[in-house]
Amino acid sequence: MTNRHSDASTGLLAGRNILVTRPSHQAETICNLIENEAGAAIRFPVLEISGPQDIEQCQSRLEQLNGYDIAIFVSPNAVSYALQLLPERLPANLKLAVVGDATAASLHKQGYAVEYAPVGTFNSEALLTELTRSSLIGKRIVIFRGNGGRELLGDMLRNHGAQVDYCEVYRRVRPDTQLILPAAESRQRIHLVTVTSGNGVKNLFDLTSELQMPILQNIQFLAGSDHVAAVAQLHGCRLEPIVAKNPGDQAMFSAIRDWAVSEESRR
């Protein structure tokens, strides 16, 4: 668990220690935003991202993309790892769908247009609303995701008559480390924990000792979605989690700022 304190003594987040649990390669943007406001970003990745367990199976699926009508990418990692394995560009007739704006940005950066994306709320239900504006009966859909992803979206699509296959193009691995939290009354105590995935929440609690569990459960959590907030509550969080508009860096940081303003008003 490392942190890089800003030298600034003033700033909206001055004196605030914020635990950032994103994977290392995705954490720096929000950490920099926190530090630019004089906050302390405590880096503690609860997930490590690596390539798929079965590369041959993934490549076989990717070689059959001409037979699909829609490809759904659930995260920027899904875009990155799928395109690394792709022997050539995605078929021109394949319509692309995403769950969040960061994923859409990843596809746009690679020169692909996104046909379906949620509006306002970034989750599986919102994407389904966009997809079902036309009939899905008989449509072949492939979902690019990591290992152990939620089945909700696939189940909902099948209920609307689609044929759904998954392609797990990356793995989420729990790091071999342990969370050491300062005491609740310490100056170094954690004031806010940011979490953006259900698996990340589970790993965070798994990496916390039984002795330190009460400290973690009494910290305010900021979740990237209602689902993530619900997982945090299932793990015994005593304060109702704050929920950002979406798990992207800007939305999470906006929620951090709102939290800090609210905390300041209570002093």
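Below is a summary of the structure that appears in this document.

**Here's the deal with the nonpolar core**
Residues Leu 65, Phe 73, Leu 90, Leu 96, Phe 144 and Val 169 are the most contacted members of the largest nonpolar core, which totals 26 residues. Secondary structure elements with two or more residues in this core: helix 2 (55–62), strand 5 (70–73), helix 3 (76–85), strand 6 (95–98), helix 4 (101–109), strand 7 (140–146) and strand 8 (163–173). For this core, the leading source of residues is helix 3, giving six residues. Filtering out sequence-adjacent residues up to four positions away, Leu 90 remains in contact with Leu 65, Phe 73, Leu 83, Leu 96 and Tyr 112. Of all hydrophobic cores here, the second largest spans 25 residues; its members include Val 46, Phe 205, Leu 216 and Ala 223.

**As for the side chain of Arg 22**
Mapping Arg 22 onto the fold places it in the loop between strand 2 (17–20) and helix 1 (24–36). Looking at Arg 22, the relative accessible area reads 13%, which means it is buried. At a separation of 2.3 Å, a polar atom in the side chain of Arg 22 contacts the main-chain carbonyl oxygen of Pro 247. Only 3.1 Å separates the side chain of Arg 22 from the side chain of Asp 249, close enough to count as a polar contact. The contacts of Arg 22, once residues within four sequence positions are left out, are Ala 27, Ile 30, Pro 45, Thr 196, Pro 247, Gly 248, Asp 249 and Met 252.

**Here's the deal with the sheet that holds strand 4 (residues 48–50)**
With mixed pairing, five strands are arranged side by side in an open sheet as 4-8-7-5-6. Either end of the sheet is taken by a strand with one partner, and the two such strands are strand 4 and strand 6. Here the strands of the sheet are splayed against their neighbours by 30° on average, with no regard to which way each runs. The pairing of strand 4 with strand 8 spans three bridges and is antiparallel. By the bridge assignment, Glu 48 is partnered in strand 8 with Val 173.

**Describing the packing of aromatic side chains**
Evaluation of the coordinates by the stated rule reveals three aromatic pairs. Ring centres of Phe 73 and Phe 144 lie 4.9 Å apart, and the angle between their planes is 20°; this geometry places the pair in the stacked category. With Phe 73 in strand 5 and Phe 144 in strand 7, this pair connects stretches of sequence that are 71 residues apart. On the basis of relative accessible area, Phe 73 is assigned to the buried category, the value being 0%. Seen from their ring centres, Phe 205 and Phe 221 are 6.0 Å apart, and the 20° between their planes marks the pair as stacked. Highlighted residues: Phe 205 in helix 7 (residues 198–206) and Phe 221 in strand 10 (residues 220–223), separated in sequence by 16 residues. According to the relative accessible area criterion, Phe 205 is buried, its value standing at 5%. Across the ring face of Tyr 166, the terminal group of Arg 145 is positioned such that the distance to the ring centre comes to 3.7 Å.

**Describing the pairing of strand 7**
Burial runs high along strand 7: six of the seven residues are buried. Direction of pairing for strand 5 relative to strand 7: parallel, over a ladder of four bridges. Counted as the bridge partner of Ile 72 is Ile 143 from strand 7. Both strand 7 and strand 8 contribute to a ladder of seven bridges, which runs parallel. In the sheet register, Val 142 faces strand 8, and the bridge partner there is Asp 165. Between the parallel pair strand 7 and strand 8, the chain is carried across by helix 6 (residues 152–159), and the sense of this crossover is right-handed.

**A closer look at the environment of Ala 251**
One can find Ala 251 in helix 10 (residues 249–265). Residue Ala 251 is classed as buried on the basis of its relative accessible area of 14%. Separated by 27 residues in the primary sequence, Ala 251 and Gly 224 place their C-alpha atoms 8.4 Å from one another. When neighbours within four sequence positions are excluded, Ala 251 is seen to be in contact with Ala 244, Lys 245 and Asn 246.

**Let's talk about the environment of Cys 31**
Within the element layout of this structure, Cys 31 appears in helix 1. Cys 31 gets classed as buried once you look at its relative accessible area, which sits at 0%. Ignoring sequence-local partners within four residues, the contact set of Cys 31 consists of Val 20, Ala 41 and Arg 43.

Cut-offs and rules
Numbering of residues starts from 1 in every chain and runs along the sequence as written. Side-chain atom pairs in this predicted model are given and counted only at pLDDT of 80 or more, local residue features only at pLDDT of at least 70, and totals for whole chains, interfaces and linings cover all residues. Excluding hydrogens and water, the side-chain values take into account all heavy atoms of the structure. Nine residue types can take part in a nonpolar core, namely buried Ala, Val, Leu, Ile, Met, Phe, Trp, Tyr and Cys, and a core is a set of them joined through side-chain atoms within 4.5 Å. Between buried and exposed lies partly exposed: a residue is buried under 20% and exposed over 50% of the maximum accessible area for its type, with that area taken using a 1.4 Å probe on protein chains only. Strands here are runs of E lasting at least two residues and helices are runs of H or I lasting at least four, both read from the DSSP assignment and numbered beginning at the N terminus. We call two residues contacting when some pair of their heavy atoms lies within 4.5 Å. Within 3.5 Å is the distance limit for a polar contact, defined as a pair of N or O atoms, with the added protein rule that one can donate a hydrogen and the other accept it, and that residues adjacent in sequence qualify only through two side-chain atoms. What makes two strands pair is DSSP finding at least two bridges between them. Fitted lines through C-alpha atoms serve as axes, helices being fitted only where they are in contact, and the angles separating the N-to-C directions of these axes extend from 0 to 180 degrees. Ring pairs are drawn from Phe, Tyr and Trp, using the six-membered ring of Trp, whenever the two centres fall within 6.5 Å, and their geometry is named by plane angle: stacked under 30 degrees, edge-to-face over 60, tilted for the rest. For a Lys NZ or an Arg CZ to count as sitting over a ring, it must be within 6 Å of the ring centre and within 35 degrees of the ring normal. Handedness of a crossover: with both strands directed away from the viewer, a clockwise path from the first strand across the helix to the second marks it as right-handed.

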